[in-house]
Amino acid sequence: MAEITITEEDARVIQELITVARHLKAGGYLSLITELTTNGDLLLEHLANERVIIRGLGLAEAAMDPIKNMPPDKMPKLRYHILHVVGALIEALAETDPKAAPRVGMFGALKYLNDPHVQKGLGFLLTMAKNLGKALEEFEPR
């Protein structure tokens, strides 16, 4: 068997690779990369045959365009807000059966306004609507 000589620089590179691999594993990406490298051709073949996926990717790219052009200093706050809102939305959807939602008239809606959770949700939606209105006036696609 051939002997391998590992220099100090080689050892640093190997250590860096191990660190990267640990981060990929912790984030759940290592198994995805392994699967892509093992069955990537089959996956690409399936993707190429799925118009829905191709159309979806086109829409996703359009949604990502404003994010690509966003100032880097806004990214951490945006990421936090997305995680917080999407997480809360998923929790709310898990607890809400759309078929069981009652019909609510004007007086029923007023009754709901006594609930602090409804107040918090409406407060968020109204704040979001205000910020959206401002952004609609100022935003220019690039």
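Treat the numbers as computed from the prediction; the structure is a model and nothing was measured.

### What to know about the confidence of the model for the protein chain
1) Next: Averaged over all residues, the pLDDT of the protein chain equals 88, while 99% of them reach at least 70.
2) Next: Within the protein chain, helix H6 (residues 116-138) carries the highest mean pLDDT (95), whereas helix H2 (residues 29-48) carries the lowest (77).

### Things to note about a nonpolar patch on the surface
1) Next: Residues Val85, Met106, Phe107, Leu110, Leu113, Leu122, Phe124, Leu125, Leu126 and Met128 make up a contiguous nonpolar surface patch of roughly 1,000 Å² in combined accessible area.
2) Next: Mapped by element, the contributors of at least two residues to the nonpolar patch are helix H5 (106-112) and H6.
3) Next: With five residues, H6 is the largest single contributor of residues to the nonpolar patch.
4) Next: Positionally, phenylalanine 107 belongs in helix H5.
5) Next: Residue classification places phenylalanine 107 among the exposed positions, given a relative accessible area of 67%.

### Considerations on H6
1) Next: With 23 residues, H6 should cover 33 Å at 1.5 Å per step; its first-to-last C-alpha distance of 33 Å lies within 8% of that length.
2) Next: The N-capping residue of H6, defined by a side-chain oxygen 2.7 Å from the backbone nitrogen of histidine 117, is aspartate 115.

### Quick notes on a positive patch on the surface
1) Next: Together, Lys74, Lys77, Lys130 and Lys134 line one region of the surface with positive charge.
2) Next: By the secondary structure assignment, lysine 77 is in helix H4 (residues 75-95).

### With respect to the pattern of salt bridges
1) Next: Counted by the stated rule, this structure contains four salt bridges.
2) Next: For arginine 12, the salt bridge identified is with glutamate 9, shortest N-O distance 3.0 Å. Separated by three residues within a single helix, arginine 12 and glutamate 9 lie in helix H1 (residues 8-26), roughly one turn from each other.
3) Next: You can call arginine 12 partly exposed: its relative accessible area is 46%.
4) Next: Close ionic contact of glutamate 61 with lysine 68 constitutes a salt bridge, the shortest N to O distance being 3.3 Å.
5) Next: In this structure, a network of salt bridges that share partners links the residues Glu8, Glu9 and Arg12.

What counts, and at which threshold
- Residues numbered from 1 in each chain as written.
- Predicted model: local features only at pLDDT ≥ 70, side-chain atom pairs only at ≥ 80, totals over all residues.
- Heavy atoms only, no water.
- pLDDT = per-residue confidence, 0-100.
- Helix = DSSP H or I, 4+ residues; strand = E, 2+ residues; numbered from the N terminus.
- Patch = residues over 30% accessible without salt bridge, like charges linked within 9 Å, V, L, I, M, F, W, Y side chains within 5 Å.
- Areas by Shrake-Rupley, 256 points an atom, 1.4 Å probe, with all protein chains shown as cover.
- Salt bridge = Lys/Arg side-chain N within 4 Å of Asp/Glu carboxyl O.
- Buried < 20%, exposed > 50% of the residue type's maximum accessible area, 1.4 Å probe, protein only.
- Expected span 1.5 Å × (residues − 1).
- Polar contact = N/O pair within 3.5 Å; in protein donor to acceptor, adjacent residues only side chain to side chain.
- Lys, Arg positive; Asp, Glu negative; His and termini not counted.
- Charge placed at Lys NZ, Arg CZ, Asp CG, Glu CD.

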